[in-house]
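Structure assessment
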Amino acid sequence: MDFVFWLRRCKVTKLKTNISEENVEKVVQKIKEYIQSNSYKLPNLVNLFYDMSFLNKNTNEIGNQILKELRSNIKQLTPLVAIQILQACALRERPLTVRSYTLADFVQRNLFHLRKVMSVDEKSALFKYIAALELNLNPPRYDIPHVLYQLRNDLNDSFDRMNESSVLNILDAYRDLPIEFPSDLLNNLKEVVITTIQSNSENIKSYFLILFLEKFNNLRKSKRLNEQETEIVYEEIARRIMTDEYFGKIKNLEKVIEIYEDTEIPYQTLVEKVHAKVTSLGLNFFSLPMYQAFIKAGIDVAPLLESFLNSDFAKDLGIVYLCRLYTIITIIPGDKFKARLEPLRAKLLSSNENIIKTIQTLGAKGGINPQIEDLLLDVSHYPLCTKSLGMQDPG
């Protein structure tokens, strides 16, 4: 059990291990033998179900045993047990089996007696995980679970005890809930947060403001923040950028710009503040979304780009960075960097890597323009690249 727990932690934290898949399977088979001999109590079974789900291993036998234990004594179903089971079932990395849906359905139908002892955090987590299962589209009942309506009512009465994590859980839930599910909880939540930003913003962390925008962007357009609400959040972020430690990292500033572009509501001040911040940091960096946003806003990126090109990092760029750099140079106003285009083009065309896939990936992120399309046409006729792609050389 400790080994499986450790493997799950390594996967979640993206730590590499030198353990072969063959050795992992040996441990999994040993666990199955213990399950068949009824060697594990329910808490251990639930932990194994949780860990092995994250490892993308078959959990049918463990799930069956958990279901058997719960049916024999429903008092073993605690908030923690329910959350672990439903979170494991709600993982998006793997399709659920009918057996797992049956377990999840049994758990959600037996939450009624637990609601009185649950915290707001626990209720919001269950609201999120049950919504993610989309049981209205899946077996065994193909219906919206009644407990979602009960949790919605409970959460609507709990704003005074709700923390940022609970707010984000609710937003995640509405991403997956069917369109006919009532939006009153979402609308009330939005009103509370916007009001707090306007009147008591020091109680809101910067990372939450970013995630708040991002998760609203993930909703159907009819449920997203309107222009006025979005600008209130933008204004608060812009006010913090120069002084808040959170915005002292390029990756966080890049996240701001990516979400800003996804929102599709212009706010020049925010882009100008991000540019002022990255300039003040004095770092040699290159970010496709940030440079694109700066150029679109009419901001001169030449000093930033020149500083980057003169840095050691720019001397040995991989194909992805070369494609990004080519994209930016093609859209910068003026001729200052145009002399770099042909050498870049030649370097890209001589690459052994899958440049077509790279350019198409950039295109999915808004990196395609007429010059890139022209390069893509050249790549498809270039002998070295067509060979690497398994294409016929037209020459």
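To be clear, the structure that these remarks concern was listed above.
Here is a short report on the structure shown in this document.

Basis of the calculations
Residues numbered from 1 in each chain as written. Predicted model: local features only at pLDDT ≥ 70, side-chain atom pairs only at ≥ 80, totals over all residues. Heavy atoms only, no water. Helix = DSSP H or I, 4+ residues; strand = E, 2+ residues; numbered from the N terminus. Expected span 1.5 Å × (residues − 1). Buried < 20%, exposed > 50% of the residue type's maximum accessible area, 1.4 Å probe, protein only. Salt bridge = Lys/Arg side-chain N within 4 Å of Asp/Glu carboxyl O.

In this section: the environment of Glu-25. Assignment of secondary structure puts Glu-25 in helix 2 (residues 21-36). Put simply, Glu-25 and Lys-57 are 32 residues apart on the chain and 9.1 Å apart in space, counted from C-alpha to C-alpha.

With that out of the way, let us pick up helix 11 (residues 206-217). Under the 1.5 Å per step criterion, the end-to-end length of helix 11 is 17 Å for 12 residues, consistent within 8% with the ideal 16 Å. Taken across its 12 residues, helix 11 has nine buried, putting it largely inside the fold. Where helix 11 is concerned, the buried positions are Ser-206, Phe-208, Leu-209, Ile-210, Phe-212, Leu-213, Lys-215, Phe-216 and Asn-217.

This part covers the pattern of salt bridges. Scanning the entire structure with this criterion turns up 18 salt bridges. Of the charged contacts in the structure, one is a salt bridge between Arg-109 and Asp-105, with a shortest N-O distance of 2.8 Å. With Arg-109 and Asp-105 both in helix 6 (residues 98-109) and four residues apart, this pair spans about one turn of that helix. A relative accessible area of 42% places Arg-109 in the partly exposed class. The exposure class assigned to Asp-105 is buried, which follows from its relative accessible area of 4%. Notably, a salt bridge pairs Glu-229 with Lys-190, separated by 3.7 Å at the nearest N-O pair. Taken together, the residues Glu-229 in helix 12 (residues 227-240) and Lys-190 in helix 10 (residues 184-199) connect sequence positions 39 residues apart. Exposure remark for Lys-190: the relative accessible area of 12% places this residue in the buried category. Where salt bridges share partners, they join Lys-128, Asp-172, Arg-175, Asp-176 and Lys-215 into one cluster.

Spatial relationships are all this shows, so hold off on functional conclusions.
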